[in-house]
Amino acid sequence: MVKSLAAAVILLGAFLDATGAPMNGEGTVTHPPTTSSSPWSPGIVNEGLQPAATTAGNKLVSAAAGAQQLDGKETRRDSEETNGDRDEEEEEEGGEEEDAAAGEGRAVLDCPPLGLESLRVDDSQIQASSYQRTGLGPHRGRLNIQSGIEDGDLYDGAWCAEYKDRNQWLEVDAIHPTLFTGVILQGRNSIWSWDWVQTYKVQLSNDSVSWQTCMNGTEEAIFEGNQGPELPVLALLPVPTVAQFIRINPQTWYLNGSICLRAEILGCRVDSPANSWEGEPGSKDSLDFRYHNYKEMRKLMKSVTEACPDITRIYTIGKSYMGLKLYVMEISDNPGRHELGEPEFRYVAGMHGNEALGRELVLNLMQYLCREYKRGNQRIVRLVTETRIHLLPSMNPDGFEFAYQKGSELAGWADGRYSFDGIDLNHNFPDLNNIMWDAQEKAADPMKVPNHYIPIPEYYTREDALVAPETSAVISWMQDIPFVLSANLHGGELVVTYPYDCTRDWAPQEDTPTADNAFFRWLATVYASTNLVMANPDRRICHYEDFQLHNNIINGGAWHTVPGSMNDFSYLHTNCFEVTVELSCDKFPHASELPVEWENNKESLIVYMEQVHRGIKGVVRDKLTKQGIPDAIIKVEDHHHDIRSAADGDYWRLMNPGEYKVVVWAVGYLPSVRRCHVGMEPHPTICDFSLTKTPIQMLKEIRAKGGKIPQDLQLRLRALRLRKLRASTKAINRRRESQRSLDQRRKARSSERQRL
């Protein structure tokens, strides 16, 4: 990378020395020196000349030929290692099959995107010759921007020119002199219209007055655009050129449509020594800020365990459809075992493979926790010592590898979202919501319908059930470990959502709160309020919804219904509370933005983990044996959602500050009641319970062992029978009295009718 940047600086410096400045007095653009041979440039069309195909293995050559290429997502720091022999660890783990599944080779881009998609380019920097209406203005001409669902929406899915002629253009001001190298084009995102640009010219200027059209030899270059609305198409300039302004000038478009496009511009700043994306403001943390494919992710995780062997452990929970392992990093002061009273926390990223930022943030988090623990950072030491943390960076590794091969700017909005067999994993969990709601509607007393640990329905376990192996692996993981708190990291928006995700009666949008709505809102607010971008009141909306109106949090069902979500399943089938964090407008931001994204999310990731220590916790024990009681039910009065104790009898109940009446019972035990106070302090209140076995349970156990029944137990059983007899007698007498009163009223009415 350093050599590549140095070469670019020397090349551009020599050019600037020769010309005195990157622009002349007439405002025309200037070109870096090139060789006499014509550089290869995919996407350029001349008469009688077919465009060169762009494949994952092609390298796109610039004027700085021979210098190391800047990857579309990262710098290829170790290409020999990537393409070379497998290391010893991979052979031990069956790496040969896994690496074959993961694949090698990606498209590379000379310069990073300016930031139309990521919103680094401000709306004020984008202008157009004309536009049909505000919702189709130039500020909407951003790669992968999504439209609202209404026709004529204020936030539509492209820039669309008012007129259909070849004088229309979309202009971007790079602010600084920039070496422009390419354009990525996309059609309009809409469920109502089909519009895209098929061919276009590119014009460059340094003053936005005098323009020069890009040339391909002696002819004006015609770049090939789109053949549909969604697939991004890359075209490189024949000669990378220094300028400040760039225009896309459509020449042909879909016959039955309008001139509409979404775009991204590729370019490197050249007005300072730090002219690459690595010189931009980022993070002070020295972490591995780049995208890691499957093989590289595994190596990074191994390096963390080697650096912190006493607090880390890597394990797998299953495999993807293509056989890639689902790796988890455990971070704890006693990795490998559950400690009594210590809560279990998890982060899950990469459920949608193309939403790649969460994957890298989780990998960054591993490195950060390891490093800060070794440095003695007391906040991190306390977190690691008091919490068992589980980090799953890639739930859908097959999808990520597919998106990674294309790179963020060329993967579009959905490539890699689904599992290899085409399943959306966030709709693939058992729909327990409707099972619970249907049972409540049929029940005489809805409050008696189970509201936790709802079993998985039979249809979901059949051989022909459409269940992804990744989903099955995560469900088993949830059942094996008593998780208390979790977050599911997504991308494509800036908002935190909380359960329920599924709406009642299949409404498209409807606020559908849980019994723990207040605490879920607290959890969502904790993350959103500490996220540097979400908390910025001046930020631009991502696509078409302004979540700042809701303080950047929203009930999942109020946004859009998602039956079979992991959040809802986690809440209804286990003890674990889970939210979804939409991390960024750009699902797969460029590697240059990873340091900034880490800073945006670092505090949020840490403070959210600390919330696992809110509420009450304790151990439910047998009063005589002092042994923990598993599966004891912990019920908080006025909270219609119970939890259960873990295998050792310990439990954790997340709650906001307040006074609570807590009832605990278990099969074979008499219930116990306590009042527990939850304070404002960021640590849980200890509420232990000791349960006494019922006389009947004690009798069963004595008889099972063939023992003699103690006299005191006999007396208790006799007293219990007498109480039951009295209770049943009272009930019978009440029924008789009620029947007698009813008969008297009937006789009175009958006598009255006869008298009349």
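Residues numbered from 1 in each chain as written. Predicted model: local features only at pLDDT ≥ 70, side-chain atom pairs only at ≥ 80, totals over all residues. Heavy atoms only, no water.

Further remarks concern the overall build of the protein chain. Along its length, the protein chain carries 16 helices and 27 strands. Across the 756 residues of the protein chain, 56% fall into the buried class. Taking contacts inside the protein chain between residues at least 6 apart in sequence as the whole, the part at least 24 apart equals 76%. Surface summary for the protein chain: the accessible area is close to 33000 Å², and the carbon and sulfur share equals 52%. (Helix = DSSP H or I, 4+ residues; strand = E, 2+ residues; numbered from the N terminus. Buried < 20%, exposed > 50% of the residue type's maximum accessible area, 1.4 Å probe, protein only. Contact = heavy atoms within 4.5 Å. Areas by Shrake-Rupley, 256 points an atom, 1.4 Å probe, with all protein chains shown as cover.)

Moving on, we come to the pattern of salt bridges. Should the charged atoms of two oppositely charged side chains come close, the side chains can pair. Applying the stated criterion to the full structure yields 33 salt bridges. When the shortest N-O distance is used, the salt bridge between aspartate 285 and lysine 602 registers 2.9 Å. With aspartate 285 in the loop between strand E11 (260-269) and helix H5 (294-307) and lysine 602 in helix H14 (residues 594-610), the pair connects residues that are 317 residues apart, well separated along the chain. Each member of the pair, aspartate 285 as well as lysine 602, is classed as buried. Glutamate 296 is paired through a salt bridge with arginine 290; the nearest N and O atoms lie 3.8 Å apart. (Salt bridge = Lys/Arg side-chain N within 4 Å of Asp/Glu carboxyl O.)

A cluster of nonpolar side chains, contributed by Ile149, Ile191 and Trp192, occupies part of the molecular surface with about 390 Å² of accessible area. Within the element layout of this structure, isoleucine 191 appears in the loop between strand E4 (170-186) and strand E5 (197-205). (Patch = residues over 30% accessible without salt bridge, like charges linked within 9 Å, V, L, I, M, F, W, Y side chains within 5 Å.)

Further remarks concern the environment of valine 381. Here valine 381 shows up in helix H7 (residues 378-386). Separated by 11 residues in sequence, valine 381 and cysteine 370 have C-alpha atoms that sit 9.6 Å apart. Beyond its immediate sequence surroundings of up to four residues, valine 381 is in contact with Tyr373 and Gly376.

So, on to the state of the cysteines. Per the stated rule, a full pass over the model turns up five disulfides. For cysteine 676, the disulfide goes to cysteine 687, at an S-S distance of 2.2 Å. With cysteine 676 in strand E25 (residues 672-678) and cysteine 687 in the loop between strand E26 (685-686) and strand E27 (689-691), this residue pair connects regions lying 11 residues apart in the sequence. Residue cysteine 676 is classed as buried on the basis of its relative accessible area, which comes to 0%. Here the cysteine-cysteine linkages of the protein chain are recorded as 1-4, 2-3, 5-6, 7-8, 9-10, numbering only bonded cysteines and doing so in sequence order. (Disulfide = S-S within 2.5 Å.)

Counted by the stated rule, this structure contains 24 aromatic pairs. Relative to phenylalanine 223, the ring of tyrosine 200 has its centre 5.5 Å away and its plane inclined at 25°; by these criteria the two rings are stacked. Placement of tyrosine 200 in strand E5 and of phenylalanine 223 in strand E9 (residues 222-224) is noted, with a sequence separation of 23 residues between them. Taken individually, tyrosine 200 and phenylalanine 223 each receive the classification buried, so the pair is uniform in this respect. Taking 5.5 Å as the distance between ring centres and 35° as the angle between the ring planes, the aromatic pair formed by phenylalanine 400 and tyrosine 404 counts as tilted. Placement of both phenylalanine 400 and tyrosine 404 in helix H8 (residues 397-406) is noted, with a separation of four residues, approximately one turn of the helix. Comparing phenylalanine 400 with tyrosine 404, the two get one shared label, buried. A connected cluster of aromatic rings, assembled from ring pairs, spans Trp437, Tyr500, Phe519, Phe520, Tyr571 and Phe577. The ring of phenylalanine 400 is capped by arginine 359, whose NZ or CZ atom sits 3.6 Å from the centre of that ring. The lysine or arginine in question, arginine 674, covers the ring of phenylalanine 689, its NZ or CZ lying 6.0 Å from the ring centre. (Phe/Tyr/Trp six-rings, centres within 6.5 Å; stacked < 30°, edge-to-face > 60°. Lys NZ or Arg CZ within 6 Å of the ring centre and 35° of its normal.)

This paragraph deals with the sheet that holds strand E12 (residues 312-319). The strands making up a sheet associate through hydrogen bonds between their backbones, and the pairing can be parallel or antiparallel. Across the sheet, eight strands lie side by side as E12-E13-E15-E14-E16-E19-E17-E18; this open sheet has mixed pairing. Pairing within the sheet leaves two strands with one partner each, and these edge strands are E12 and strand E18 (553-555). Sheet twist, expressed as the average angle between the axes of neighbouring strands with direction ignored, equals 20°. The pairing of strand E16 (residues 483-490) with strand E19 (residues 577-582) spans six bridges and is classified as parallel. Opposite alanine 487, over in E19, you have valine 579 as the bridge partner. Docked against the sheet, H5 engages E12 and strand E13 (325-331), running at close to 20° with respect to E13. (Pairing = 2+ DSSP bridges. Axes fitted to C-alpha atoms, helices over the stretch in contact; angles between N-to-C directions.)

Counting buried residues in E11 gives nine out of 10 residues, a clear majority hidden from the surface. With two bridges joining them, strand E3 (residues 159-160) and E11 adopt antiparallel strand pairing. Looking at E11, one finds that tryptophan 159 is bridged to leucine 261. In terms of strand pairing, E4 meets E11 through eight bridges, oriented antiparallel. Within E11, the residue paired with valine 183 across the bridge is isoleucine 265.

Attention now goes to the side chain of threonine 178. Along the polypeptide, threonine 178 turns up in strand E4. Under the relative-accessibility criterion, threonine 178 is labelled buried at 1%.

Right, let's get into helix H10 (residues 469-480). For H10, spanning 12 residues, the distance from its first C-alpha to its last is 17 Å, which sits close to the expected 16 Å at 1.5 Å a residue. When H10 is considered as a whole, its buried residues turn out to be Glu470, Thr471, Ala473, Val474, Ile475, Trp477 and Met478. (Expected span 1.5 Å × (residues − 1).)

Mean pLDDT for the protein chain: 84, with 82% of residues reaching 70 or above. Every residue in residues 1-96 scores below 50 in pLDDT, and together they form 192 contacts with partners more than four places removed in sequence or on other chains. In this model residues 98-104 is a low-confidence stretch, pLDDT under 50, and it forms 24 contacts with partners more than four residues away in sequence or in other chains. (pLDDT = per-residue confidence, 0-100.)

Secondary-structure assignment places lysine 201 in strand E5. For lysine 201, a relative accessible area of 15% gives the class buried. A distance of 2.4 Å separates polar atoms of two side chains, one belonging to lysine 201 and the other to glutamate 220. When sequence neighbours within four positions are dropped, the list of residues in contact with lysine 201 reads Thr213, Glu220, Ala221, Ile222, Phe223, Arg247, Ile248, Asn249 and Gln251. (Polar contact = N/O pair within 3.5 Å; in protein donor to acceptor, adjacent residues only side chain to side chain.)

The next point concerns the sheet that holds strand E22 (residues 643-644). Spatially, E22-E21-E24-E25 is the arrangement adopted by the four strands of the open sheet, whose pairing is antiparallel. A single partner strand is all that each edge strand has here, and the edge strands are E22 and E25. The pairing of strand E21 (residues 633-636) with strand E24 (residues 658-665) spans four bridges and is classified as antiparallel. Across the sheet, the residue bridging to valine 636 is valine 662, located in E24.

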